[in-house]
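Structural characterization, general
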Amino acid sequence: MYLSTVSRPVADRPELGSPESGPRRRRLAMVSGNVVALGTVSLITDVSAEMVAAVLPLYLVLGLQLSPVAFGVLDGVHTGATALLRVVGGYAADRFQRRKLIAGLGYTLSAVAKLGLLLAGRSIPAIGAVIAVDRLGKGVRSAPRDALITLSTPPEVLGRAFGVHRAMDSFGAFLGPLAAFAVLLVVGQSYDAVFVTSFCVAALAVVVLVLFVRERPPGAVKGEVKVSVREALGLFRGGPARRLVLAAAMLGLATIGDGFVYLLLQRREDLGLRWFPLLAVGTSLAYLLLAAPLGVLADRIGRLPVVIGGYTALGATYLLLAGPVDGWPLIVLTLTLYGAFYAATDGVLIALAGPVLPARLRTTGIALVQTGQALAYLVSSVLFGLAWQAFGPDTAIRAAAAAVAGVLVLTLLLLISPSRLTTRKVPR
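Residues numbered from 1 in each chain as written. Predicted model: local features only at pLDDT ≥ 70, side-chain atom pairs only at ≥ 80, totals over all residues. Heavy atoms only, no water.

To continue, consider the confidence of the model for the protein chain. A residue-level look at the protein chain finds 79% of positions with pLDDT of 70 or above and a mean pLDDT of 76. Taken element by element, the predicted model of the protein chain shows its lowest mean pLDDT in helix α1 (residues 22-28) (43) and its highest in helix α13 (residues 303-321) (91). Within the model, the stretch residues 1-29 combines pLDDT values under 50 with 51 contacts to residues more than four positions away or in other chains. (pLDDT = per-residue confidence, 0-100. Helix = DSSP H or I, 4+ residues; strand = E, 2+ residues; numbered from the N terminus. Contact = heavy atoms within 4.5 Å.)

One pair of aromatic rings is described through two measures. These are the centre distance and the angle between the planes. Scanning the model with the defined rule gives ten aromatic pairs in all. Members of the aromatic cluster, each reached through a chain of ring pairs, are Tyr262, Tyr287, Tyr311, Tyr338, Phe341 and Tyr342. (Phe/Tyr/Trp six-rings, centres within 6.5 Å; stacked < 30°, edge-to-face > 60°.)

With that out of the way, let us pick up the pattern of salt bridges. Under the defined criterion, the tally for this structure stands at four salt bridges. The partner of aspartate 146 in a salt bridge is arginine 166, with the nearest N and O atoms 3.2 Å apart. One end of the pair, aspartate 146, is in helix α6 (residues 124-151); the other, arginine 166, is in helix α7 (residues 158-187), and 20 residues separate them in sequence. Measuring nitrogen to oxygen at the nearest pair gives 2.8 Å for the salt bridge that ties arginine 303 to aspartate 299. (Salt bridge = Lys/Arg side-chain N within 4 Å of Asp/Glu carboxyl O.)

Within the largest apolar cluster, 109 residues are counted, with the highest numbers of intra-cluster contacts made by Ile256, Tyr262, Leu279, Tyr318, Val369, Phe384 and Ile397. In contact with isoleucine 397, not counting residues within four places along its chain, are Ile256, Leu264, Tyr318, Leu321, Ala322 and Phe384. (Core = buried A, V, L, I, M, F, W, Y, C linked by side-chain atoms within 4.5 Å. Buried < 20%, exposed > 50% of the residue type's maximum accessible area, 1.4 Å probe, protein only.)

Turning to its location among the elements, valine 194 is positioned in helix α8 (residues 191-212). Assessed through its relative accessible area of 0%, valine 194 is described here as buried. C-alpha of valine 194 to C-alpha of phenylalanine 181: the two residues are 13 residues apart in sequence and 9.0 Å apart in space. Not counting the four nearest positions on each side in its chain, valine 194 is found in contact with Met51, Val55, Ala180, Val183 and Leu184.

So, in structure tokens, the structure goes:
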């Protein structure tokens, strides 16, 4: 089995009935209540997270005068420093069958970290530690949450389910910078007010998780025997899973942080500081509009082609930042392509991985994929910061675009069958 055909068509699965069956088609046209509940939690959490993310680059680079290298290190820590704990959280969720509990711990950690930013002051090490705690929370919660989605959804519509979830998530990401902008507009350049508001919103997300997310949704696998460490390590012996983790790591290595993208835009267009948070709004709007349609498209034409298209959009984004286009066309094109990149890759990559991974080890497997990306992202952020400082931002971003092109070729070699270049379609 190879990854470009991990999702079998409905027609090839007789136990699911005819694809023309009315009741079956109606069920496939929607997502489960558990997916909607998890999407609501993610929506509220992203409002909180993006409030902070929208002002953090300004606070660090312009407020604390961090160099590009120092910002790259902190930005890498923001995603990659606690990556290995994703695997620990994923394994614990599989072993004890407590995915909701592990996810809840992660959401709680991220909420508490927002208050930690108040105590860190202008200390760079303290800020780095608080960011690490916040990312620890994200690392712990991401795999159990995505595993709950896969266990709440038939395999042939995973793209749709993740598209709906990521659309709700991106709506929160759309609202977060607007909320930060509104707070700064009311109180002036008071980052503390943003951090406190962010904490209150994050606490609400934890409440929604506790009250509305089901631990064992209909159709979930109820394993009676606890998952062992040896069984979890056995994932690396499976060819498809091993290739997927390696491909995810390579794709992460070609991805620089959002903060760098927005700082380059702000620098090129000389945007006023108060408008900076709205750059993330543009990306989130494109993500919001495209996530669900691209998820459905992935179910129909194949998930791998959509992921490849997303990274192609990322490469085009990097080229725009060093190209001849400027003014509003540059801003609109860059943010639209950047949002399309996230919409085509964030949930679709996990939907691609889901059918490859056994249900008992799905959280662990998803955590391995996310860990590979996060560790590679840590490296890429530091390398991009070094390249910016040594050769200038234009050369650095062109090198990043070249890296995307090279990684896409390697990804295709890893994940696609030599005899077949497209995924089977799911019949209409």
